[in-house]
2 protein chains.
Amino acid sequence: MITGKNYVGNVLSSINTTTFKTFNPKANTENEIVHTEASEVEIQKAIYLASEAYKIFHTISGIKKSEFLNEIAKEIELLGDELIKIFCIESGLTEERAISERGRTLFQLRSFADLVKEGSWVEATINVADSSRKPIPKVDIRKMFVPLGPVVVFGASNFPLAYSTAGGDTAAAFAAGCPVITKSHPMHAGTGELVASAIINAAVKTGMPNGVFSNLNSSGIEVGVALVKHPQIKAVGFTGSILGGRALYNMAAQRLEPIPVFAEMGSVNPVVILPKAVKKKASEWAKTFAKSITLGSGQFCTNPGLILGIKSKDLTNFIQFLGEETIKIESTCMLHPIIEGAYETNKSKMQEQKGLQTKASIDKELTTNYGHQAIATVEGSTFLKNTTLHQEVFGPFSLVVQCKNSAQLENIISNLEGQLTGTIISEKGEAEQYAPVVRALQNRVGRIIYNGVPTGVEVCAAMVHGVPYPASTDSRFTAVGINSIKRWVRPFCYQNWPDELLPDELKNENPLGITRLVDGKKTKNKL
Amino acid sequence: MITGKNYVGNVLSSINTTTFKTFNPKANTENEIVHTEASEVEIQKAIYLASEAYKIFHTISGIKKSEFLNEIAKEIELLGDELIKIFCIESGLTEERAISERGRTLFQLRSFADLVKEGSWVEATINVADSSRKPIPKVDIRKMFVPLGPVVVFGASNFPLAYSTAGGDTAAAFAAGCPVITKSHPMHAGTGELVASAIINAAVKTGMPNGVFSNLNSSGIEVGVALVKHPQIKAVGFTGSILGGRALYNMAAQRLEPIPVFAEMGSVNPVVILPKAVKKKASEWAKTFAKSITLGSGQFCTNPGLILGIKSKDLTNFIQFLGEETIKIESTCMLHPIIEGAYETNKSKMQEQKGLQTKASIDKELTTNYGHQAIATVEGSTFLKNTTLHQEVFGPFSLVVQCKNSAQLENIISNLEGQLTGTIISEKGEAEQYAPVVRALQNRVGRIIYNGVPTGVEVCAAMVHGVPYPASTDSRFTAVGINSIKRWVRPFCYQNWPDELLPDELKNENPLGITRLVDGKKTKNKL
């Protein structure tokens, strides 16, 4: 049952008088449940509990952490249809999407459970002593990853499950050994509370310290600001707009003790469609990209918002096809009137730019809050001169840039901001001929795709979802896949430490049986 | 031969009229060579060359990079006595120290050469496709580390070789595939130029692109500021004061595209001496720490500037011994009159604090520019109230805090800022009894030492030299050891990329024979 209250540690709490409701964009009405904003007292309490919980939680074994993570997954499953229902009425997304996103969330939680149960992720590294070394004896040094401390996670508007309350950031932080306070996304506060209840149940059942998790409601920015500025908070995870992410990054950088902010922000995900591919498969690629552009009303950070080609009759045909295919697809509901409104505003702003031609667009009044897709095109030289054209329009919109030649194409790519993904559409042997273009694209992105679409982010160890600014604030980490745990840990080493006082990961006997790097050799053996 | 000029890529250049000289603190005179400050034109040229060089250098094989790094080491050796001589007259440090620091520098360069020659450091990770997976076929994803781009390295005053021109930051950046521009430290610009000439010779001999390295002179802050603010610079390495490091960090965070700054800054390196150890071995530990405190005139970031114990007659004895032993040691020359002046100022400021007692101090006029050591003590409650007492005094000074009890000791540790190291001095079985104290210390440091001294940083894979702020600006990385390469790289992945277009590290055949993580299994096998 959704109460509208905050979870301050294990306790439901609502002492504030400020409240808000979520919105059902499909029905175009407010949802009934009244959510109470977290108060200053509750924020302080949640942070205090998190720092106290950290003292215990950061030393908890990988096996116990895996039980906690698996139990969260189980408790989320137990929420059953109630979760799916609230997800749909708070997001306008389909039941099918809700179920698939829940599946992804459970998979992420269980992947991290497996990772910490096995235990080698701590990258235990041992260099043994050598008392006979000249001129100075060599000391014994043993290193492993340890958690940073309490982490704040901001729920994402476009992933009410997979990148919100118990999403990738939270799962990775728990796996690392960091308590988490989520700043619930106001557009799906009910979904957030339900998932929070699952986490709290799991924490109690598996004996985690009170404060390992809190979930705070807020419809404004104050709660988030208070959390990020607090000295006891040691890192921040955020998925959302460049404006929001950069504001948090700036706040964290200006603290007396700056802390890492991993913000996964906007991206136009450039797609380069090479001449032979355009010539041979214009209609096929047009169909494929029309689907990718309109998927989930274009509300993905990997949505292909920019397509680059070299001017030709074939490219003109492709643009024609792409427009036709895109408007053939039925429009779908966006997440919230605010998001739909911003989409229309940004799309219009784009369409008003000098030299931009709208090739296809659904203008007719469809159902309220639906995202009306559009395809536009512009000359390469115009695009180069006007950086407004480089900006993301969050929603089902894509801009095709007609470059003069491959030099201009390369130049345009080099002048783009950092991007989550880049895509090359090529006939066999063609990409090789455009090596400088491919290289330029690699330098701007975190993931490069060959003959595919950027939407759909596989959750696996090899995935990179974290890239040059402004697609993210720290390109040295990924937000998706098990390596995302590294955002929330730091290396720590022991020098000449007595074996019996070392954590199990570093003991001579290797009681956990993990893989370790001992004097340069990977081994599971004891010392 | 030292010319006093800048290296702008492979070319010696001096177009500015502003010049400066280095200083010989032992002789208390200026050195003869005139160094020319880098001009705006030279800065821009160096950056342009670095970005052009990056296009080639980031794709160069590990074997070629290892040749380059080994050749740098060889060229530095070839500089022979000229390097040792200039090192000494620009730093006041001994010939023995110069030789040992050169040894360390060569070792670092060769360690990185070995690392990139072997090649597995890129952490190649492959998840193969599965077209039969339901509901969505699984794509092929392959990940590896790639270099960030041109890096700026600031020379450190206290390590003219190991943490300056061809020091740890530069070696790691070259190994990663990043061109480097060093902002030479003005106190040892001659040493810097000589080492720069070795790098340039090595670059030319091994066919590296012009611009892979530049060395710019500057006695003020303008050159550094211009470098850090330039859009083509993608990361910064710095070793020095909190004031300097934080200024660079702020500048980098305020850029349109924020970039990572790894600044290794101040630290007081708290040492906890437990009651039984004080009782049993007061004189022994006093001797050991007197040596550590005065080593290199205390000019190490790991210098033990703070010793914490529990008030007792034994601790009083220890303080007495420590004072006696410390002033027995002959004072040595500091790096520069500015550093010696700052030491005297900071020491006096400390000594003027209410409640602080100077227990031993060399006040008599010794040779100019020498660091006159001192030991002081203060009550725990006084220390807690006055954060001035928490600050580093860079030089041979240490403060012993007498805590009321173990709870106050724990409280004091929890209230310290982040530290490079922490040390526990314990009799057998004693550390276990002080588990909360040990845990509190672990949370504030990057390296924890048992019954040893923090000075002396072993260069090995398990070393961690990078810690909670303000000891460094990003605790998730180490500045020492081969893992320091990770500061200058980002993960990058290919999706469904044709095998023949993949880099060798990710090809099916595994032509480099490196260890890779293929579908969760570590293997050197081909696919």
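Each remark here, short or long, concerns the structure printed above.
Thresholds, definitions, all that
- Residues numbered from 1 in each chain as written.
- Chains lettered and ligands numbered in written order.
- Predicted model: local features only at pLDDT ≥ 70, side-chain atom pairs only at ≥ 80, totals over all residues.
- Heavy atoms only, no water.
- Least-squares fit on C-alpha atoms with pLDDT ≥ 70 in both.
- Contact = heavy atoms within 4.5 Å.
- Buried area = accessible area lost by both parts, 1.4 Å probe.
- Salt bridge = Lys/Arg side-chain N within 4 Å of Asp/Glu carboxyl O.
- Polar contact = N/O pair within 3.5 Å; in protein donor to acceptor, adjacent residues only side chain to side chain.
- Helix = DSSP H or I, 4+ residues; strand = E, 2+ residues; numbered from the N terminus.
- Nonpolar A, V, L, I, M, F, W, Y, C, P; charged D, E, K, R; others polar.
- Pairing = 2+ DSSP bridges.
- Buried < 20%, exposed > 50% of the residue type's maximum accessible area, 1.4 Å probe, protein only.
- Right-handed = clockwise from strand over helix to strand, strands pointing away.
- Core = buried A, V, L, I, M, F, W, Y, C linked by side-chain atoms within 4.5 Å.
- Axes fitted to C-alpha atoms, helices over the stretch in contact; angles between N-to-C directions.
- Parallel < 35°, antiparallel > 145°, perpendicular 65-115°, else oblique.
- Left-handed = near helix turned anticlockwise from the far one by under 90°.

Undergrad: Could you give an account of the relation of the copies chain A and chain B, naming the residues involved and the relevant values?
TA: With an axial shift of 0.0 Å and an RMSD of 0.0 Å, the rotation relating chain A to chain B amounts to 180 degrees. On this basis, the relationship between the two copies can be described by a two-fold rotation axis. No C-alpha of chain A approaches the rotation axis more nearly than that of Ala-253 of chain A, which lies at 3.3 Å. Of the interface residues in chain A, 100% have counterparts in chain B that sit at the interface too, so the contact is made through matching surfaces.

Undergrad: Run through the interface of chain A and chain B, naming residues and quoting values.
TA: Contact residues are listed per partner, giving 69 residues for chain A and 69 residues for chain B. Broken down residue by residue, the surface that chain A buries against chain B is led by Arg-476, Arg-490 and Trp-497 of chain A, which jointly contribute 12%. For the pair chain A and chain B, the interface holds eight salt bridges. Between Glu-458 of chain A and Arg-133 of chain B there is a salt bridge; the shortest N-O distance is 2.6 Å. Taken together, the links from chain A to chain B amount to 32 residue pairs in polar contact (both at pLDDT 80 or more). For the side of chain A that touches chain B, the secondary-structure elements that each account for two or more residues are helix H1 (40–57), strand S7 (125–127), strand S8 (141–147), helix H8 (242–253), helix H14 (430–433), helix H15 (435–442), strand S20 (445–450) and strand S21 (489–495) of chain A. Per-element accounting of the side of chain A that touches chain B gives the leading share, seven residues, to S21 of chain A. Its residues assigned to classes, the side of chain A that touches chain B shows 35 nonpolar, 13 polar and 21 charged. As judged from the three bridges shared by S20 of chain A and strand S23 (residues 489–495) of chain B, these two strands associate in the parallel manner. Bridge assignment links Arg-447 of chain A to a residue of S23 of chain B, and that residue is Cys-493 of chain B.

Undergrad: Lay out the side chain of Thr-165 of chain B with the relevant residues and their values.
TA: For Thr-165 of chain B, the position within the fold is in the loop between strand S9 (151–154) and helix H5 (168–176). Here Thr-165 of chain B is in contact with Thr-170, Thr-182, Gly-192, Val-195, Ala-196, Ile-199, Phe-213 and Asn-215 of chain B, once residues within four sequence places are set aside.

Undergrad: I'd like a description of unusual backbone geometry, backed by residues and values.
TA: Tyr-469 of chain A connects to Pro-470 of chain A through a cis peptide bond whose omega is 5 degrees. By secondary structure assignment, the location of Pro-470 of chain A is in the loop between S20 and S21. Look at Asn-28 of chain B: it is not a glycine, yet its phi comes out positive at around 55 degrees. Among the structural elements, Asn-28 of chain B can be located in the loop between strand S4 (23–24) and strand S5 (29–30).

Undergrad: Got a sec to walk through the pairing of S9 of chain B? Specific residues and values, please.
TA: Residue and element names in this part refer to chain B. In S9, alternate side chains face the same way, and those of Val-151 and Val-153 on one face and Val-152 and Phe-154 on the other are all buried. Pairing of S9 with strand S10 (residues 180–183), which is carried by four bridges, proceeds in the parallel orientation. In the sheet register, Val-153 faces S10, and the bridge partner there is Thr-182. Running through H5, the crossover from S9 to the neighbouring parallel element S10 is right-handed. Pairing of S9 with strand S12 (residues 235–239) involves three bridges; the strand directions are parallel.

Undergrad: Residues and numbers for the nonpolar core, please.
TA: Core analysis: the largest hydrophobic core is formed by 210 residues, its most contacted members being Phe-68, Phe-174 and Leu-399 of chain A together with Phe-68, Phe-174 and Leu-399 of chain B. The residues touching Phe-174 of chain A, leaving out its near neighbours within four places in the chain, are Phe-57, Lys-65, Phe-68, Leu-69, Ile-72, Val-180, Ile-199, Val-212 and Phe-213 of chain A.

Undergrad: Describe the packing of helix H2 (residues 62–78) of chain A against helix H6 (residues 189–205) of chain A, naming the residues involved and giving the relevant values.
TA: Each pair of packed helices can be summarised by the angle the axes make with each other and by the distance between the axes. Residues and elements named next belong to chain A. Remark: H2 packs on H6, axes separated minimally by 8 Å, with the N-to-C direction vectors making an angle of 135 degrees. Taken together, the axes of H2 and H6 are oblique relative to one another. Helix-helix and strand crossings are classified by hand; for H2 and H6 the assignment is right-handed. Contact residues: H2 offers Phe-68, Glu-71, Ile-72, Glu-75 and Ile-76, while H6 offers Val-195, Ala-198, Ile-199, Asn-201, Ala-202, Ala-203 and Lys-205. Looking at the contact of H2 with H6 residue by residue, the class counts come to eight nonpolar, one polar and three charged.

Undergrad: An account of the sheet that holds strand S22 (residues 445–450) of chain B is needed here, citing residue identities and associated values.
TA: Strands sit in the order S23(A)-S22(A)-S7(A)-S8(A)-S21(A)-S22(B)-S21(B)-S14(B)-S15(B)-S20(B)-S19(B)-S17(B) across an open sheet of twelve strands; the sheet is mixed. A single partner strand is all that each edge strand has here, and the edge strands are strand S23 (521–523) of chain A together with strand S17 (357–361) of chain B. Strand after strand, the sheet turns through a mean of 20 degrees between neighbouring axes, direction not considered. Two strands pair when backbone bridges link them, and S7 of chain A and strand S22 (residues 516–518) of chain A are joined in this way by two bridges, in the parallel orientation. Looking at S22 of chain A, one finds that Thr-125 of chain A is bridged to Leu-517 of chain A.

Undergrad: Can you break down the sheet that holds strand S17 (residues 374–379) of chain A residue by residue, with the values?
TA: One open sheet holds the twelve strands; their spatial order is S16(A)-S17(A)-S18(A)-S15(A)-S14(A)-S19(A)-S20(A)-S23(B)-S8(B)-S7(B)-S24(B)-S25(B), and the pairing between them is mixed. Only two strands of the sheet have a single partner each, and these edge strands are strand S16 (357–361) of chain A together with strand S25 (521–523) of chain B. Across the sheet, the mean angle from the axis of one strand to that of its neighbour is 20 degrees, orientation sign disregarded. Here strand S15 (residues 306–310) of chain A pairs with strand S18 (residues 397–403) of chain A via five bridges, running parallel. Bridge pairing links Gly-309 of chain A to Gln-402 of chain A in S18 of chain A.

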